[in-house]
Amino acid sequence: MDKEFQQKLAKILERNDWHLGIGDVENATGISQTKLRYWERKGYISSLQGKGQNRKFTYSTLMKVYQMKLYLDQGYTLAVAAEKAASKNHIMNLLKRVIFDRYEGTETIDGQTAINLGSPVDDPEHLIFAFVTEDGTDLKIVPTSILKD
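Residues numbered from 1 in each chain as written. Predicted model: local features only at pLDDT ≥ 70, side-chain atom pairs only at ≥ 80, totals over all residues. Heavy atoms only, no water.

Caption draft 1: Fine view of unusual backbone geometry. Even without glycine at this site, Asp110 takes up a positive phi of about 50 degrees. Mapped onto the elements of the fold, Asp110 is located in the loop between strand S3 (105–109) and strand S4 (112–116). (Helix = DSSP H or I, 4+ residues; strand = E, 2+ residues; numbered from the N terminus.)

Caption draft 2: Structural detail: the pairing of strand S5 (residues 126–133). Inspection of the sheet shows S4 paired to S5 by 3 bridges, in the antiparallel sense. Residue pairing in the sheet places Ala114 in a bridge with Phe131 of S5. Sheet topology places S5 next to strand S6 (residues 136–143); 8 bridges connect them, and they run antiparallel. Considered in S6, the bridge of Ile128 is made with Ile141. Once S5 ends, the chain turns through 2 residues before running back antiparallel as S6. (Pairing = 2+ DSSP bridges.)

Caption draft 3: Expanded view of the environment of Thr133. Along the chain, Thr133 turns up in strand S5. Owing to a relative accessible area of 31%, Thr133 belongs among the partly exposed residues under this scheme. Along the sequence, Thr133 and Gln112 sit 21 residues apart, while their C-alpha atoms lie 8.9 Å from each other. (Buried < 20%, exposed > 50% of the residue type's maximum accessible area, 1.4 Å probe, protein only.)

Remember that the coordinates give geometry; whether it matters functionally is a separate question.
Dropping the structure here:
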């Protein structure tokens, strides 16, 4: 992938400019609008709202609400559910960063599509690939020479 394009895409996703209405969040998570407003008043979630405008939630907030619901369904209190969801959100943001920092494109190796994660820091003669299969994802270190054929 073109590095400039990769950086621009990462910035777009980092800004989290996608917004959903409160009804969209309710439909996606099953959490009522009344509860969503309560959670917002308590500071567990936040929305963007201009004067006289409807609440707009980011995709990240949607994921947090969904995680909170899962924890509440498991019997956690609202405060603990919010804390655990925030921790998961942090991990998801780290994973997103890793993917956009490391993604170099895709290759076909031995008939399989592989995601190129670039070279290890001290080894420019090899590349790290993620091979995604039905059974999971395997990481393999591949010599750069096999790609030159």
